[in-house]
Amino acid sequence: MALPMNAQVDPRDVHAQARFNMIEQQIRPWNVLDESVLELMGKVHREDYVSPEYANMAYMDIEVPLKGTAEEAAAKGWHMLAPKIEARMLQDVKIKPTDRVLEIGTGSGYMAALLAAQAKEVVTLEIDPELAEMARENLLSAGVKNVEVKLANGATASLAQGTFDVIVLSGSVAQVPDALYAQLNEGGRIAAIVGHMPVMRFTLVTKNGNNFEVQQPWDTAATRLVGFEEPSRFSF
(Lines give C-alpha, C1' and ligand atoms only; values in the text may rest on other atoms or scores of the structure.)
Protein backbone atom coordinates (compact mmCIF):
# COMPACT_ATOMS: atom_id res chain seq x y z
CA MET A 1 0.00 0.00 0.00
CA ALA A 2 1.37 3.43 -0.94
CA LEU A 3 2.29 5.80 1.82
CA PRO A 4 0.20 8.98 2.11
CA MET A 5 1.79 12.08 0.64
CA ASN A 6 2.31 13.69 4.04
CA ALA A 7 4.53 10.77 5.08
CA GLN A 8 7.25 12.57 3.12
CA VAL A 9 6.68 15.94 4.79
CA ASP A 10 9.14 16.84 7.52
CA PRO A 11 6.92 17.87 10.47
CA ARG A 12 9.64 20.31 11.54
CA ASP A 13 9.35 22.18 8.21
CA VAL A 14 6.40 24.50 8.73
CA HIS A 15 6.38 25.73 5.14
CA ALA A 16 6.55 22.22 3.66
CA GLN A 17 3.54 21.23 5.77
CA ALA A 18 1.72 24.39 4.69
CA ARG A 19 2.40 23.60 1.00
CA PHE A 20 1.08 20.09 1.49
CA ASN A 21 -2.06 21.40 3.20
CA MET A 22 -2.56 23.97 0.43
CA ILE A 23 -2.45 21.27 -2.22
CA GLU A 24 -4.61 18.73 -0.42
CA GLN A 25 -7.16 21.06 1.18
CA GLN A 26 -7.46 23.89 -1.35
CA ILE A 27 -6.11 22.95 -4.77
CA ARG A 28 -6.94 19.29 -5.29
CA PRO A 29 -10.57 19.67 -4.09
CA TRP A 30 -10.95 22.45 -6.67
CA ASN A 31 -10.65 19.90 -9.49
CA VAL A 32 -6.94 20.42 -10.06
CA LEU A 33 -5.87 16.83 -10.68
CA ASP A 34 -2.97 17.26 -13.09
CA GLU A 35 -0.07 15.75 -11.15
CA SER A 36 2.50 17.95 -12.89
CA VAL A 37 0.66 21.06 -11.66
CA LEU A 38 0.25 19.67 -8.15
CA GLU A 39 3.93 18.80 -8.04
CA LEU A 40 4.86 22.27 -9.26
CA MET A 41 2.72 23.93 -6.59
CA GLY A 42 4.65 21.90 -4.04
CA LYS A 43 8.06 22.82 -5.46
CA VAL A 44 7.76 26.59 -5.82
CA HIS A 45 7.98 28.18 -2.39
CA ARG A 46 5.11 30.65 -2.15
CA GLU A 47 6.51 32.14 1.07
CA ASP A 48 9.48 33.45 -0.94
CA TYR A 49 7.10 35.69 -2.92
CA VAL A 50 5.18 37.23 -0.02
CA SER A 51 6.12 40.42 1.86
CA PRO A 52 7.41 39.73 5.39
CA GLU A 53 4.41 41.42 7.02
CA TYR A 54 2.08 38.96 5.28
CA ALA A 55 4.28 35.85 5.51
CA ASN A 56 1.80 34.07 7.76
CA MET A 57 -0.82 34.35 4.98
CA ALA A 58 1.33 32.81 2.23
CA TYR A 59 -0.58 29.53 2.03
CA MET A 60 -4.06 30.74 2.97
CA ASP A 61 -6.98 30.40 0.58
CA ILE A 62 -7.11 34.16 0.01
CA GLU A 63 -5.70 36.90 -2.21
CA VAL A 64 -2.63 37.84 -0.15
CA PRO A 65 -1.79 41.59 -0.07
CA LEU A 66 1.55 42.41 -1.68
CA LYS A 67 2.36 45.72 -0.01
CA GLY A 68 0.87 48.50 2.09
CA THR A 69 -2.00 47.96 4.49
CA ALA A 70 -4.72 45.47 3.68
CA GLU A 71 -7.02 48.40 2.91
CA GLU A 72 -4.50 50.02 0.55
CA ALA A 73 -3.85 46.71 -1.20
CA ALA A 74 -7.57 46.17 -1.73
CA ALA A 75 -8.01 49.67 -3.17
CA LYS A 76 -4.99 49.48 -5.48
CA GLY A 77 -5.23 45.85 -6.58
CA TRP A 78 -1.95 44.86 -4.91
CA HIS A 79 -2.77 41.17 -4.41
CA MET A 80 -1.61 37.69 -5.35
CA LEU A 81 -4.29 35.45 -6.81
CA ALA A 82 -5.47 32.70 -4.49
CA PRO A 83 -3.37 29.50 -4.88
CA LYS A 84 -6.24 27.36 -6.17
CA ILE A 85 -7.01 29.91 -8.92
CA GLU A 86 -3.38 29.99 -10.08
CA ALA A 87 -3.23 26.18 -10.07
CA ARG A 88 -6.42 25.74 -12.04
CA MET A 89 -5.39 28.36 -14.59
CA LEU A 90 -2.12 26.49 -15.06
CA GLN A 91 -3.97 23.20 -15.48
CA ASP A 92 -6.36 24.59 -18.08
CA VAL A 93 -3.90 26.62 -20.17
CA LYS A 94 -1.58 23.60 -20.57
CA ILE A 95 1.86 25.20 -20.83
CA LYS A 96 4.30 23.41 -23.15
CA PRO A 97 8.11 23.36 -22.80
CA THR A 98 8.40 25.25 -26.11
CA ASP A 99 5.94 28.02 -25.20
CA ARG A 100 6.78 31.71 -25.10
CA VAL A 101 4.50 33.19 -22.43
CA LEU A 102 3.33 36.73 -21.69
CA GLU A 103 2.01 37.48 -18.21
CA ILE A 104 0.23 40.74 -17.44
CA GLY A 105 0.25 41.63 -13.76
CA THR A 106 3.54 40.35 -12.32
CA GLY A 107 2.84 41.18 -8.70
CA SER A 108 5.53 39.51 -6.61
CA GLY A 109 6.65 37.13 -9.38
CA TYR A 110 5.04 33.95 -8.02
CA MET A 111 2.87 33.16 -11.04
CA ALA A 112 5.79 34.02 -13.33
CA ALA A 113 7.89 31.46 -11.46
CA LEU A 114 5.20 28.82 -11.93
CA LEU A 115 4.89 29.62 -15.63
CA ALA A 116 8.67 29.63 -16.08
CA ALA A 117 8.95 26.13 -14.63
CA GLN A 118 6.84 24.83 -17.51
CA ALA A 119 7.61 27.22 -20.38
CA LYS A 120 10.66 28.10 -22.46
CA GLU A 121 10.44 31.84 -21.82
CA VAL A 122 8.23 34.24 -19.83
CA VAL A 123 7.88 37.99 -20.32
CA THR A 124 5.90 39.55 -17.47
CA LEU A 125 4.61 43.13 -17.29
CA GLU A 126 4.03 45.06 -14.07
CA ILE A 127 2.68 48.62 -13.89
CA ASP A 128 3.88 49.34 -10.34
CA PRO A 129 7.63 50.10 -10.04
CA GLU A 130 7.94 48.80 -6.49
CA LEU A 131 6.27 45.50 -7.34
CA ALA A 132 8.32 45.11 -10.52
CA GLU A 133 11.53 45.45 -8.51
CA MET A 134 10.19 43.12 -5.82
CA ALA A 135 9.45 40.49 -8.48
CA ARG A 136 12.91 40.80 -10.02
CA GLU A 137 14.55 40.29 -6.63
CA ASN A 138 12.29 37.36 -5.75
CA LEU A 139 12.93 35.57 -9.05
CA LEU A 140 16.66 36.21 -8.85
CA SER A 141 16.79 34.85 -5.29
CA ALA A 142 14.88 31.75 -6.41
CA GLY A 143 17.27 31.15 -9.32
CA VAL A 144 14.61 31.63 -12.01
CA LYS A 145 16.47 32.64 -15.16
CA ASN A 146 13.93 32.42 -17.99
CA VAL A 147 11.70 35.31 -16.86
CA GLU A 148 12.05 38.93 -17.95
CA VAL A 149 10.22 41.43 -15.72
CA LYS A 150 9.32 44.67 -17.50
CA LEU A 151 7.89 47.84 -15.97
CA ALA A 152 4.95 48.53 -18.29
CA ASN A 153 1.21 49.00 -18.46
CA GLY A 154 0.05 45.66 -19.78
CA ALA A 155 -3.18 47.19 -21.05
CA THR A 156 -1.31 49.37 -23.56
CA ALA A 157 2.26 48.08 -23.88
CA SER A 158 1.72 44.40 -24.62
CA LEU A 159 1.86 44.80 -28.43
CA ALA A 160 5.47 45.94 -28.20
CA GLN A 161 6.43 42.54 -26.77
CA GLY A 162 5.71 40.56 -29.95
CA THR A 163 3.67 37.37 -30.29
CA PHE A 164 3.21 34.55 -27.80
CA ASP A 165 2.00 31.00 -27.44
CA VAL A 166 0.30 31.79 -24.14
CA ILE A 167 -0.96 35.03 -22.55
CA VAL A 168 -1.95 34.93 -18.88
CA LEU A 169 -3.74 37.78 -17.11
CA SER A 170 -2.96 37.53 -13.39
CA GLY A 171 -6.03 39.45 -12.29
CA SER A 172 -9.49 40.14 -13.65
CA VAL A 173 -10.67 42.30 -16.54
CA ALA A 174 -14.10 43.38 -17.77
CA GLN A 175 -13.31 41.87 -21.16
CA VAL A 176 -10.30 40.47 -23.00
CA PRO A 177 -8.79 43.34 -25.02
CA ASP A 178 -8.87 42.82 -28.80
CA ALA A 179 -5.15 43.61 -29.03
CA LEU A 180 -4.28 40.43 -27.15
CA TYR A 181 -5.96 38.24 -29.76
CA ALA A 182 -3.57 39.65 -32.37
CA GLN A 183 -0.58 38.61 -30.27
CA LEU A 184 -1.37 34.90 -30.29
CA ASN A 185 0.62 32.46 -32.37
CA GLU A 186 -1.26 29.62 -34.06
CA GLY A 187 -2.64 27.32 -31.37
CA GLY A 188 -1.98 30.03 -28.78
CA ARG A 189 -4.08 30.46 -25.65
CA ILE A 190 -5.25 33.39 -23.54
CA ALA A 191 -6.10 32.67 -19.89
CA ALA A 192 -8.09 35.42 -18.16
CA ILE A 193 -10.68 36.01 -15.45
CA VAL A 194 -13.44 38.03 -17.10
CA GLY A 195 -16.55 39.80 -15.86
CA HIS A 196 -17.83 41.72 -12.87
CA MET A 197 -18.32 41.06 -9.19
CA PRO A 198 -19.71 39.05 -7.55
CA VAL A 199 -19.20 36.30 -10.15
CA MET A 200 -16.64 36.24 -12.94
CA ARG A 201 -15.73 33.52 -15.42
CA PHE A 202 -12.36 31.98 -16.15
CA THR A 203 -12.01 32.44 -19.90
CA LEU A 204 -9.76 30.36 -22.13
CA VAL A 205 -9.30 31.59 -25.71
CA THR A 206 -7.59 29.32 -28.27
CA LYS A 207 -6.51 30.47 -31.74
CA ASN A 208 -7.34 28.06 -34.56
CA GLY A 209 -6.45 29.65 -37.90
CA ASN A 210 -8.58 32.77 -38.23
CA ASN A 211 -10.98 31.61 -35.55
CA PHE A 212 -10.88 31.95 -31.77
CA GLU A 213 -12.49 29.27 -29.63
CA VAL A 214 -13.75 30.64 -26.30
CA GLN A 215 -14.42 28.44 -23.28
CA GLN A 216 -15.59 29.54 -19.82
CA PRO A 217 -15.38 26.36 -17.72
CA TRP A 218 -15.61 27.76 -14.18
CA ASP A 219 -16.71 30.70 -12.05
CA THR A 220 -14.51 32.68 -9.70
CA ALA A 221 -13.69 36.26 -8.68
CA ALA A 222 -10.41 38.18 -8.58
CA THR A 223 -8.95 41.62 -8.03
CA ARG A 224 -8.96 43.90 -11.09
CA LEU A 225 -5.82 44.46 -13.14
CA VAL A 226 -4.89 48.14 -13.24
CA GLY A 227 -5.14 50.11 -16.47
CA PHE A 228 -7.72 48.07 -18.40
CA GLU A 229 -10.90 49.65 -19.72
CA GLU A 230 -14.17 49.30 -17.84
CA PRO A 231 -16.91 49.38 -20.50
CA SER A 232 -20.28 50.67 -19.35
CA ARG A 233 -22.61 47.91 -18.17
CA PHE A 234 -25.69 49.94 -19.04
CA SER A 235 -27.41 50.43 -22.39
CA PHE A 236 -30.08 52.92 -23.37
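What you see is a predicted model; the values in this text were computed from it and never measured. (Residues numbered from 1 in each chain as written. Predicted model: local features only at pLDDT ≥ 70, side-chain atom pairs only at ≥ 80, totals over all residues. Heavy atoms only, no water.)

Between helix α4 (residues 83–93) and helix α5 (residues 110–118), whose axes approach to 11 Å, the crossing angle comes to 30°. The orientation of α4 with respect to α5, classified from their angle, is roughly parallel. The handedness of the crossing between α4 and α5 is right-handed. On α5, the residues that touch Glu 86, Met 89 and Leu 90 of α4 are Tyr 110, Met 111, Leu 114, Leu 115 and Gln 118. Tallied by class, the residues present in the contact of α4 with α5 amount to six nonpolar, one polar and one charged. (Axes fitted to C-alpha atoms, helices over the stretch in contact; angles between N-to-C directions. Helix = DSSP H or I, 4+ residues; strand = E, 2+ residues; numbered from the N terminus. Parallel < 35°, antiparallel > 145°, perpendicular 65-115°, else oblique. Left-handed = near helix turned anticlockwise from the far one by under 90°. Contact = heavy atoms within 4.5 Å. Nonpolar A, V, L, I, M, F, W, Y, C, P; charged D, E, K, R; others polar.)

Here we have seven strands laid out as an open sheet, ordered β3-β2-β1-β4-β5-β6-β7, and mixed in their pairing. The open sheet terminates on both sides in strands that have one partner only, identified here as β3 (147–151) and β7 (211–220). The mean angle between the axes of side-by-side strands here comes to 15°, regardless of whether they run parallel or antiparallel. In this structure, strand β6 (residues 199–208) lies alongside β7, joined through eight bridges in antiparallel fashion. Counted as the bridge partner of Met 200 is Thr 220 from β7. Relative to the sheet, α4 contacts β4 (164–173), β5 (184–196), β6 and β7, its axis offset from that of β7 by approximately 150°. Against the sheet, helix α6 (residues 129–141) makes contact with β2 (121–126) and β3, and its axis sits at roughly 165° relative to β3, the strand it touches most. (Pairing = 2+ DSSP bridges.)

Right, let's get into helix α2 (residues 35–43). Looking at α2, one finds that the buried residues are Val 37, Leu 38, Leu 40 and Met 41. Relative to the axis of α2, the buried residues are bounded by an arc of 160° and lie together on one face. Looking at the buried positions of α2, the neighbouring elements they touch are α1 (14–27), α4 and α5. (Buried < 20%, exposed > 50% of the residue type's maximum accessible area, 1.4 Å probe, protein only. Arc of directions from axis to C-beta.)

As a working rule, side chains carrying opposite charge can pair if their charged atoms are close by. Taken as a whole, this structure holds 14 salt bridges when the rule is applied. Ionic pairing is found between Glu 39 and Lys 43, a salt bridge with its closest N-O pair at 3.1 Å. Taken together, the residues span about one helical turn, with Glu 39 and Lys 43 both in helix α2 at a distance of four residues. The partly exposed category is assigned to Glu 39, whose relative accessible area is 46%. A salt bridge links Arg 224 to Glu 230; its shortest N-O distance comes to 2.5 Å. (Salt bridge = Lys/Arg side-chain N within 4 Å of Asp/Glu carboxyl O.)

This model, assessed by the stated rule, comprises four aromatic pairs. Relative to Trp 218, the ring of Trp 30 lies with its centre 5.2 Å away and its plane at 75°, an arrangement referred to as edge-to-face. Residue Trp 30 is found in the loop between α1 and α2, and its partner Trp 218 is found in strand β7; the two are separated by 188 residues along the sequence. Connected via pairs of aromatic rings, a cluster forms that spans Trp 30, Phe 202 and Trp 218. The ring centre of Tyr 110 lies 4.8 Å from the NZ or CZ of Arg 46, which sits over that ring. Note that Lys 67 overlies the ring of Trp 78, its terminal NZ or CZ placed 4.3 Å from the centroid. (Phe/Tyr/Trp six-rings, centres within 6.5 Å; stacked < 30°, edge-to-face > 60°. Lys NZ or Arg CZ within 6 Å of the ring centre and 35° of its normal.)

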